[in-house]
Every structure is written in C-alpha cells, then in structure tokens.
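# Coordinates in review
These are the residues of each chain, in order.
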Amino acid sequence: MMSQKRPSTGDCEVSEKRRKVVDISETESNSNDSVHLTCNGNVDASEISEIACNSINGINSIEVASDVGTISVVTDGDVKSTLEYLRECFPFQKFQLHLPPIILKHQIYCFVSDRELVDQVLSSLTANGEIIQIRSFHLILIVFTKDYKSHVMQFMTELQVAKDLIGEFILLINVIASAGGIVDHQQILQSSKLSNEDIKQMVQMGVLQMCDESSYSFGLPRVALFLRCFWFGRNAVLTVVKRSKNQQILEEDLTNRKLPKLARLGVVFHTRDIIGAEIVERINTTYGQLLRLPYPSVPT
C-alpha cells in the first residue's frame with residue numbers, strides 16, 4: 001500500500017467561507033492508509049466529507065463516524081476501507097430496504113488506482129467469505145456477505161420459503177464463495193441437502209443464476225430494480241455532461257446537480273460510476289477535478 005505524507009492543519013487550504021464554518025486538524029494516525037481528523041464546528045456529515053476531500057492533498061474519500069465530529073480519511077490503496085465507505089454511501093433507504101448496499105467494482109477505481117491491487121484484495125475478501133461478487137451483464141456488483149445473507153433471508157421469508165431450505169442456501173453461500181464464486185451442479189448436491197428441484201426453485205427465485213448448463217453463481221433477488229435505476233441514472237448524469245459547455249464539467253458542480261426522482265441512486269453514485277468506468281476523463285485543474293467526455297462531438 002502507498003505511504004503518503006500526513007496532512008496537518010497547514011495543509012488544509014479551505015476557502016475563507018468554509019474556514020468560518022469548520023476547522024480541520026489532525027488528531028490521530030493509526031496506519032499508513034488512514035488518518036483520523038477532528039472537525040470543530042456545527043456542520044453536518046456531508047459538509048465534513050466535502051471539505052476534507054477537497055482540502056487535503058492525497059485524500060480520496062472519508063468515512064464519517066457516528067460522532068459527526070470525527071472522520072476517518074481513506075487514502076489510495078486501502079481497498080477494504082474504500083468498500084466499506086462505498087457501502088455506507090449506498091442509498092438503500094430509497095429502495096425501501098428491498099435492496100442491500102451495492103457497490104460497482106469499477107467505482108473502487110475512483111479511489112484506488114492500482115487495478116491489480118483491487119483484484120487481489122477482492123479475490124482475498126471473496127475467498128474469506130467477506131464479500132460476494134455478482135455478475136450482471138457487463139457489471140460486477142459487490143455486496144458484503146452479511147448484507148447479502150440478510151437480504152436473501154428476508155426475500156425468501158417474504159416468499160414463504162421453508163425455513164430449512166433457507167438455512168441450506170445460507171450454508172451454500174460459504175460453499176460457493178470457497179469455490180471462487182462458481183460451483184457446479186454435482187458439488188451443490190454433494191455439499192448440501194438440496195435436491196434438483198430445490199436448485200431449480202432457487203434459480204427461479206433469483207438467489208442462484210446459471211453460468212452454463214451445469215454450474216451456478218450467486219444471484220441477487222430484485223436486481224432488476226437496481227438495474228433500472230442504474231441505467232436511468234447513468235443516462236441522466238451523462239446528459240448533464242453532454243449539455244455542458246464543451247461537454248465538460250467540474251466534478252463538484254456535477255455532484256451538486258439534481259437528478260430526476262427516478263434516479264434513486266443519486267448523483268454521487270453515478271458520478272463515481274462514470275469516472276470508474278472511464279466513460280469520462282478526470283483531469284486535475286486549478287479549479288478542481290474536471291470531468292470531460294473523451295471525444296466531444298462537433299456542434300452541427
């Protein structure tokens with residue numbers, strides 16, 4: 001992991017307007033990858049996040065603790081902390097708890113530039129049973145295992161699935177994870193009490209998805225709800241960029257834009273999506289991070 005210079009009070013070049021609202025100072029350092037700061041002032045968590053990320057060089061994201069005055073800064077290279085941060089950012093309340101917190105794999109690249117490191121850490125976390133990776137079209141969705149189990153149990157209970165069948169699937173999660181996310185039909189039969197009919201039922205429910213005729217991977221119930229909101233929101237954000245002068249916009253300005261209500265994932269979620277997926281270029285300027293479509297169209 002990358003070691004970076006610790007920020008001090010002098011490193012925080014906050015605008016005069018913001019300086020009146022909040023004073024950022026270093027209070028504790030626990031590792032090379034996180035810095036704990038105390039924010040003195042009557043401000044909400046989102047404003048603390050914005051000021052910290054925009055004020056300290058080398059800082060990519062933050063986690064706001066239950067005590068709003070304390071924030072934990074995530075620096076480049078800390079993949080797991082980034083995952084936990086993105087999990088906390090997911091607006092699952094807007095889905096009436098019908099979805100677990102979902103992270104898109106490419107969103108991590110907004111914070112951690114080393115893609116090989118990302119792959120290594122994700123593989124390790126998957127093998128250890130901490131996260132689940134779900135393929136949906138060309139997207140890779142990441143869900144923490146504890147969230148996935150809770151979501152599946154709630155979903156299957158609502159469908160009035162027998163408790164013993166729910167229990168068998170929860171046990172199967174560990175089998176699939178240890179097999180690298182894909183397991184064949186015979187392995188399911190040998191490692192569980194599930195029958196062929198049970199497996200078929202789980203595919204129909206969406207908790208399993210078929211990779212081919214004889215192998216399965218994790219499925220995510222109600223994933224269609226997520227995908228509808230995702231594609232709608234991505235198009236809405238890209239429309240904002242395309243309509244901006246020269247098809248470019250400051251990241252700060254974009255994240256302050258309001259999207260249609262159907263874009264329930266929020267503008268910040270989609271901004272990280274288009275950056276991580278490299279749909280837009282991210283350029284450092286004296287005014288902040290500039291987002292630009294790679295090949296602006298010539299006006300006709």
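To be clear, the structure that these remarks concern was listed above.
Residues numbered from 1 in each chain as written. Predicted model: local features only at pLDDT ≥ 70, side-chain atom pairs only at ≥ 80, totals over all residues. Heavy atoms only, no water.

Moving on: the pairing of strand S6 (residues 131–136). In terms of strand pairing, S6 meets strand S7 (residues 139–144) through six bridges, oriented antiparallel. Bridge pairing in S7 links Ser136 to Leu139. The turn linking S6 back onto S7 is made up of two residues, and Phe137 within it adopts a positive phi angle of 60°. (Pairing = 2+ DSSP bridges. Helix = DSSP H or I, 4+ residues; strand = E, 2+ residues; numbered from the N terminus.)

Before going further, it helps to spend a moment on the layout of surface pockets. The volume enclosed by the second largest pocket comes to roughly 370 Å³. Gln133, Arg135, Gly180, Gly181 and Ile182 are, among the 19 residues lining the second largest pocket, the residues nearest its centre. At the level of secondary structure, the elements contributing two or more residues to the lining of the second largest pocket comprise helix H4 (115–127), S6, strand S9 (208–210) and strand S10 (215–218). With five residues, H4 is the largest single contributor of residues to the lining of the second largest pocket. Residue composition of the lining of the second largest pocket, by class: nine nonpolar, seven polar and three charged. (1 Å grid on protein atoms, 1.4 Å probe; cavity = no way out; pocket = protein on both sides within 12 Å on 5 of 7 lines; lining within 4 Å. Points joined across faces, edges and corners; volume = space filled by probe spheres on them. Nonpolar A, V, L, I, M, F, W, Y, C, P; charged D, E, K, R; others polar.)

Here we come to the sheet that holds strand S11 (residues 248–250). Spatial ordering of the open sheet is given by S11-S13-S12, a layout of three strands whose pairing is antiparallel. What marks the edges here is a single partner per strand, and that holds for S11 and strand S12 (281–285). Going from strand to strand, the sheet's axes swing by 30° on average, the running direction of each strand aside. Here three bridges tie S11 to strand S13 (residues 288–292), and the two strands are oriented antiparallel to one another. What sits directly across from Ile249, in S13, is Leu291. (Axes fitted to C-alpha atoms, helices over the stretch in contact; angles between N-to-C directions.)

Before going further, it helps to spend a moment on the packing of helix H9 (residues 223–243) against helix H11 (residues 267–276). Packing of H9 against H11 brings their axes to within 9 Å, and their N-to-C directions diverge by 75°. Considered as vectors, H9 and H11 are oriented roughly perpendicular to each other. On the side of H9, the interface is formed by Phe226, Cys229, Phe230, Gly233, Arg234, Val237, Leu238 and Val241, while H11 contributes Val267, Phe269, His270, Asp273 and Ile274. Residue classes in the contact of H9 with H11 are distributed as nine nonpolar, two polar and two charged. (Parallel < 35°, antiparallel > 145°, perpendicular 65-115°, else oblique. Contact = heavy atoms within 4.5 Å.)

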